[in-house]
Amino acid sequence: MENFRNGEHSPLLRHMSIDETNPRSFKLSGRHVPVRLGALLVILVCLGLMFSMQEDQDGFIVPIERASEHYIEVDEGIFLWYRIWGNRKSGVPVLFVHGGPGQAVVDYENGNKRFFDASELFVIEVDQRGTGRSKPSVRDDLHNMELYDDISVDLISKDFEVIRKQLGIDQWIVWGGSFGSTISLSYGVLFPERCLALILRGIYLDTVAEVGSVYSRQAFRNNKKRLQQFQVLFQLANDYNRKTDGSSLDPDDALALMQVYESMIREGRKDAIWNWFAFENNLMEERPEMLLDPSKIDESRMPEAQSVAYFELRLWLHASLEKPTNILQRVNRLSDTPVFMCQGLRDEVCPSANARRLAKELKDVGTPLTAHFINSGHEDTDPVMQRCLQRSIQEFLEQM
């Protein structure tokens, strides 16, 4: 739809053809065309191949498996990796905002094709600064974390504007779950005129209260299993604090716990990285085979673990102690932006109380809101959550 992409016919977009970066050749080999079919059949086959090749080169519809990958500099020496796929000629643009913090597009294993119809949408997936294949990446080297001490939700949001302008997109759907919902909301209040709609899952508002609801003993006082998992997380930090500070931590002081973990991670302690990552993973994960043992480090997942542990702690401490994100105080800027929300009632990482608070604030300012509170966990792999998200984007497309 040309009204969404003001650079539709720009040389830049024509340059971003999958086949220019990964050319394919077509040939008829190993197949016999009987003479009795005549020259007409041969001509028709060749013409069909030519039209197929032309469609690829024009980039009409590109599947996720053949997405084109790109880099763009957003700050001096800081490069974002992103990829594009779908219907680049007339598809509705959609920005996928990954969660974590510290995760990356690769962690979703091309799962977005469950939600984004390549024939209807033009999809932009981005690794946020310092994560995944963006450079320099904390996954590649833990020392790179020193480059991102000033990271914030609003800074990440502003990075997306650089990509939007580069692609010549006027407006796009912004899609984010978990911490991706936080960034999506931040982007929405900063640039409401650029949002066709927000589609959100597992709402996180980046507040001190939310941190306390997950990283304190009192949060699990009625859940024996979770209390045991928290005790493992707490004990490592408490032992460290006793050795370095001579005092014990308060198990209900979430911010102090996070500060100690950040100190251990900055020292490069793999046990602290893995403990933090495993605790977070096991709160979200409902599939038994995907649970992690905090006492047994899986080296194959350490790059992901160190990225998630560092960025979670840095971003949450930044918002809690340094500069609050204050999303709820800014949602009046979303009064004209359609918002779709899918919130799992079994979500332990982002409890439904957060989504209800957001829904109330949005309704109060007149935002067109469609909120679903469903029998689901946190992850978008949950079948109930998956159906809700699929229905949400389809509902919006039908309303356009």
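All of the points below concern the structure found in this document. (Residues numbered from 1 in each chain as written. Predicted model: local features only at pLDDT ≥ 70, side-chain atom pairs only at ≥ 80, totals over all residues. Heavy atoms only, no water.)

Looking at the pairing of strand β7 (residues 339-344)
Right, on to step 1. The element β7 is extensively covered by neighbouring structure, given that six of its six residues are classed as buried.
Right, on to step 2. Along β7, one buried face is formed by Val-339, Met-341 and Gln-343 and the opposite face, lined by Phe-340, Cys-342 and Gly-344, is buried too.
Right, on to step 3. The pairing of strand β6 (residues 195-201) with β7 spans four bridges and is parallel. Across the sheet, the residue bridging to Leu-200 is Met-341, located in β7.
Right, on to step 4. With six bridges joining them, β7 and strand β8 (residues 369-374) adopt parallel strand pairing. The partner of Val-339 across the bridge, within β8, is Leu-369.
Right, on to step 5. Between the parallel elements β7 and β8, the chain passes through helix α11 (residues 352-364) in a crossover that is right-handed. (Buried < 20%, exposed > 50% of the residue type's maximum accessible area, 1.4 Å probe, protein only. Helix = DSSP H or I, 4+ residues; strand = E, 2+ residues; numbered from the N terminus. Pairing = 2+ DSSP bridges. Right-handed = clockwise from strand over helix to strand, strands pointing away.)

A few points about unusual backbone geometry
Right, on to step 1. Across the junction of Gly-100 and Pro-101, the peptide omega takes the value -5 degrees, indicating a cis bond.
Right, on to step 2. In this structure, Pro-101 sits in the loop between β3 (92-97) and β4 (121-127).
Right, on to step 3. Cis rather than trans, the peptide bond between Lys-135 and Pro-136 has omega equal to -15 degrees.
Right, on to step 4. Residue placement: Pro-136 occurs in the loop between β4 and α4 (153-167).
Right, on to step 5. In the Ramachandran plot, Asn-110 falls in the positive-phi region, its phi being about 60 degrees despite a non-glycine side chain.
Right, on to step 6. Structurally, the position occupied by Asn-110 is in the loop between β3 and β4.
Right, on to step 7. Judged by relative accessible area, Asn-110 falls into the partly exposed class, the value being 25%.
Right, on to step 8. At Ser-178, a residue that is not glycine, the phi angle is positive and equals roughly 60 degrees.
Right, on to step 9. Tracing the backbone shows Ser-178 in the loop between β5 (172-177) and α5 (179-190).

Points about the state of the cysteines
Right, on to step 1. Inspection of every chain in the model, using the stated rule, returns one disulfide.
Right, on to step 2. Across a sulfur-sulfur distance of 2.1 Å, Cys-342 and Cys-388 are joined as a disulfide pair. Sign of the S-S torsion, about -90 degrees for the bond between Cys-342 and Cys-388, identifies this disulfide as left-handed. With Cys-342 in strand β7 and Cys-388 in helix α12 (residues 383-399), the pair connects residues that are 46 residues apart, well separated along the chain. (Disulfide = S-S within 2.5 Å.)

Topic: the pattern of salt bridges
Right, on to step 1. Scanning the entire structure with this criterion turns up 24 salt bridges.
Right, on to step 2. Here Asp-271 and Arg-269 are joined by a salt bridge, their closest N and O atoms 2.8 Å apart.
Right, on to step 3. Judged by its relative accessible area of 29%, Asp-271 falls in the partly exposed class.
Right, on to step 4. Shared partners join several salt bridges into a network, and the residues in it are Asp-149, Glu-262, Arg-266, Arg-314 and Glu-322. (Salt bridge = Lys/Arg side-chain N within 4 Å of Asp/Glu carboxyl O.)

Observations concerning the pairing of β3
Right, on to step 1. β3 sits mainly inside the fold: six of its six residues count as buried.
Right, on to step 2. Sheet topology note: the β3/β4 ladder contains six bridges and is parallel. Paired with Phe-96 across the strands is Glu-125, a residue of β4.
Right, on to step 3. Pairing of β3 with β5 involves four bridges; the strand directions are parallel. From the neighbouring strand, Leu-95 faces β5, where its bridge partner is Val-174.

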